[in-house]
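# Coordinate analysis (summary)
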Amino acid sequence: MSALSAAMFAGAGWSQTARAADQVVSYELDVYPIISSRCVECHQPGGDGYQASGLDMSTYEGLMKGTKYGPVIVPGDSLTSNLNVLIEGRAQVQMPHDQRPLLKAQQGIIRDWVKQGAKNN
């Protein structure tokens, strides 16, 4: 790509999107800050979400263990992972429950992390 083309794409926001798609999403740096600020209050021992589902999102291990009904994440498959379905509003219940939905950018970070294998990185 020529410098002129790159500058045109950068001005349109294209290069940032292309670069972001190639980046490795970190659980610790990218995903957990979203989860800790929007999910952990309810989904930790003693929280309403934990009582209802058994899902403890306060740790990576708890998140990957899932609920008393089964896993919420299918590493590599954000389309069928229940976490993605719930935060993206693809079910009757949307999470966070009775709060503003996650921003599309936050949903995208979690989606990309799951697609990349939902690693503890």
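Residues numbered from 1 in each chain as written. Predicted model: local features only at pLDDT ≥ 70, side-chain atom pairs only at ≥ 80, totals over all residues. Heavy atoms only, no water.

## Focus: the nonpolar core
How we decide: Side-chain atoms within 4.5 Å link the members of a nonpolar core, which is a set of buried Ala, Val, Leu, Ile, Met, Phe, Trp, Tyr and Cys residues. For every residue, the accessible area (1.4 Å probe, protein chains only) is compared with the maximum for its type, and the residue is labelled buried under 20%, exposed over 50%, or partly exposed between those bounds. Numbering of helices and strands runs from the N terminus, with a helix taken as a DSSP run of H or I at least four residues long and a strand as a DSSP run of E at least two residues long. Contacts: residue pairs with any heavy atoms within 4.5 Å of one another.
Ile-35, Met-57, Leu-63, Ile-73, Leu-83, Ile-110 and Trp-113 are the most contacted members of the largest nonpolar core, which has 20 residues in total. Of all the secondary structure elements, the ones that give two or more residues to this core are α3 (27-38), α5 (60-65), α6 (82-87) and α7 (104-115). Here this core gets four residues from one element, more than from any other, and that element is α3. Excluding residues that lie within four positions of it along the chain, Met-57 makes contacts with Tyr-32, Ile-35, Cys-39, Val-40, His-43, Leu-63 and Leu-83.

## Some points on the pattern of salt bridges
Two side chains bearing opposite charge may form a pair once their charged atoms approach each other closely. Selection criterion: Should a side-chain nitrogen of Lys or Arg be within 4 Å of a carboxyl oxygen of Asp or Glu, the pair is scored as a salt bridge.
Evaluation of the coordinates by the stated rule reveals two salt bridges. Between Glu-88 and Arg-111 there is a salt bridge; the shortest N-O distance is 3.0 Å. A residue pair is termed long-range when its members are at least 10 positions apart, and Glu-88 in the loop between α6 and α7 and Arg-111 in helix α7 qualify at 23 residues. When its relative accessible area of 25% is taken as the criterion, Arg-111 is described as partly exposed.

## Points about α7
How we decide: A helix is expected to span 1.5 Å for every residue after the first.
A rise of 1.5 Å per residue sets the reference length of α7, with its twelve residues, at 16 Å; its end C-alpha atoms lie 16 Å apart and thus fit the reference within 8%. Within α7, burial applies to Gln-106, Gln-107, Gly-108, Ile-110, Trp-113 and Val-114. Those residues of α7 hidden inside the fold are in contact with α3, α5 and α6. Of the residues flanking the end of α7, it is Gly-117, one or two places downstream, whose phi is positive at about 110°.

## Considerations on the environment of Trp-113
The criterion, for reference: Distance and chemistry together define a polar contact, namely a pair of N or O atoms within 3.5 Å, with one atom able to donate a hydrogen and the other to accept it when in protein, and with adjacent residues in sequence counting only for side-chain atoms on both sides.
Tracing the sequence through the fold places Trp-113 in helix α7. Residue classification places Trp-113 among the buried residues on the basis of a relative accessible area of 1%. Counting along the chain gives 37 residues from Trp-113 to Gly-76, while the straight-line C-alpha distance between them is 8.3 Å. Discounting chain neighbours no more than four positions away, the residues touching Trp-113 are Val-25, Tyr-27, Val-31, Tyr-60, Leu-63, Met-64, Ile-73, Ala-118, Lys-119 and Asn-121. For Trp-113, the side chain forms a polar contact with the main-chain oxygen of Lys-119, separated by 2.9 Å.

## So, the confidence of the model for the protein
Heads up, the condition is: Note on scores: pLDDT gives the predictor's confidence for each residue, bounded by 0 and 100.
Confidence in the prediction of the protein, expressed as mean pLDDT, is 88, and 83% of residues score 70 or more. With pLDDT under 50 throughout, residues 1-19 is counted as low confidence; its partners more than four residues away or in other chains account for five contacts.

## With respect to the layout of surface pockets
For clarity, the cut-off: Of the grid points, spaced at 1 Å and generated over the protein atoms alone, those admitting a 1.4 Å probe that cannot get out make up cavities, while open sets with protein on both sides within 12 Å along at least five of seven lines make up pockets; any residue with an atom within 4 Å of a point is treated as lining. Grid points are joined across faces, edges and corners, and a volume is the space filled by probe spheres set on the points.
What the largest pocket holds in volume is close to 370 Å³. Lining the largest pocket are 21 residues; nearest its centre among them are His-43, Leu-86, Met-95, Pro-96 and His-97. The biggest single contributor to the lining of the largest pocket is α6, with four residues.

## Quick look at the environment of Arg-100
Tracing the backbone shows Arg-100 in the loop between α6 and α7. Residue Arg-100 is classed as exposed on the basis of its relative accessible area of 54%. Spatially, the C-alpha atoms of Arg-100 and Arg-38 are 9.5 Å apart, while their sequence positions differ by 62 residues.

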